Amino acid sequence: MSVDGIIVAVDGPAGSGKSSVAREVALRAGLKYVDSGALYRAVTLHTMRTRGKVVEGLDFSSIIDEITLQQRYNDDGTCTTFLNGDDVSEDIRTEQIAANIGIVSDQRVVRDFINNYIRSWAADNSIIIDGRDIGTVVFPDATLKVYLDASVDERTRRRSLEYAEKGKDVDVNSIKSQIILRDTQDEDRQFGALKKANDAHYLDTSNHSREEVVTILCDMINEI
Ligand code: DC
């Protein structure tokens, strides 16, 4: 396997395990991990901080003009997200951000802004990147495309566990509603909707451990 100049696109719905799988695969396969959702979260955070509320009709062109985004890949497989130079990696992982991200992610100007950043970052690196539209819009010519899926109940269970491990309050019913809402928003989006690319490998992870999914992806990468 040569990892020079390769792009592995991992798409799928919220809570399907994309980021934890992609991080581990990055470590094992010698790729850099890019978390595209974190960039949408950072734009949402900035909008909430500076405009108070995220509502339709905000001037998102001005909002992105105020923003510099950056991601740094770390040796432990994680990536750190910077908003105007500040590390916001923790601040963006809240249910409040998740509840407000739909409108931000619907904006064409925001999507173009983030996609330009990702493409320029990828130009000099071999990456594994997770998101919703990576294999369809951002990198339609990606070396390998994978679509990870899981049932709503399983995704709720994983998200709840993730929050509990971080010591956050867990309301399983509200996490489940949030996941269902986000599925609808992500699938119905006019630009960059969540969709399996025709040439993506589909993998339902409901009955697979993370380790099993990581192994499946590493095997695919070895065959490139
Ligand atoms: O992967 P995540 O849950 O952190 O993503 C948060 C939101 O960001 C997701 O619900 C929709 C948006 N997003 C997007 O529109 N396109 C991407 N490529 C990645 C995320």
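What counts, and at which threshold
- Here the residue index of a chain counts from 1 through its sequence in written order.
- Confidence filtering applies because this is a predicted model: local features only for residues at pLDDT of at least 70, side-chain atom pairs given and counted only at 80 or more, and all residues used for totals across whole chains, interfaces and linings.
- Computation of side-chain values covers all heavy atoms of the structure but excludes hydrogens and water.
- Secondary structure elements follow DSSP: runs of H or I of four or more residues count as helices, runs of E of two or more count as strands, with numbering from the N terminus.
- Distances are taken per atom, and a residue is near a molecule or strand as soon as one of its heavy atoms is within 4 Å of it.
- We call two N or O atoms a polar contact when they sit within 3.5 Å, provided that within protein one can donate a hydrogen and the other can accept it, with sequence-adjacent residues counted only if both atoms are side-chain atoms.
- Using the Shrake-Rupley algorithm and a 1.4 Å probe, accessible areas are obtained, with residue cover drawn only from the displayed protein chains.
- Cavity means a closed set of points on a 1 Å grid over the protein atoms alone, one where a 1.4 Å probe fits but cannot get out, pocket means an open set with protein on both sides within 12 Å along at least 5 of 7 lines, and lining means a residue has an atom within 4 Å of a point.
- A pocket or cavity is taken to hold a molecule when more than half of that molecule's atoms are within 2 Å of the pocket's grid points.
- Lys, Arg, Asp and Glu make up the charged group, whereas Ala, Val, Leu, Ile, Met, Phe, Trp, Tyr, Cys and Pro make up the nonpolar group; the residues left over, Gly among them, are polar.
- Grid points are joined across faces, edges and corners, and a volume is the space filled by probe spheres set on the points.

> So what's going on with unusual backbone geometry? Residues and values would help.
Despite not being glycine, N84 shows a phi value in the positive range, around 50 degrees. As for its placement among the helices and strands, N84 is situated in the loop between β4 (79-83) and β5 (86-87).

> Which residues make up the site of the ligand, and what values go with them?
In the neighbourhood of the ligand, 15 residues make up the surrounding shell, with R41, R111, R132, D133 and R182 lying closest. At 2.7 Å, a side-chain N or O of R182 approaches an oxygen atom of the ligand. One of the side-chain nitrogen or oxygen atoms of D186 is found 3.2 Å away from an oxygen atom of the ligand. When isolated, the ligand has an accessible area of 450 Å², and the protein chains bury 96% of it. Of the pockets mapped on this structure, the ligand occupies the largest pocket. When residues of the shell around the ligand are traced back to their parent elements, those giving at least two are α2 (36-51), α4 (95-106) and α8 (172-188). It is α2 that contributes the most residues to the shell around the ligand, 4 residues altogether. Taken together, the residues of the shell around the ligand break down into 3 nonpolar, 4 polar and 8 charged.

> Pulling in residues and values, what's your account of the layout of surface pockets?
The space that makes up the largest pocket amounts to roughly 1200 Å³. Taken together, 50 residues make up the lining of the largest pocket; nearest its centre are S19, S20, R23, R159 and E162. With 8 residues, helix α7 (residues 152-165) is the largest single contributor of residues to the lining of the largest pocket. Counted by class, the lining of the largest pocket contains 11 nonpolar, 17 polar and 22 charged residues.

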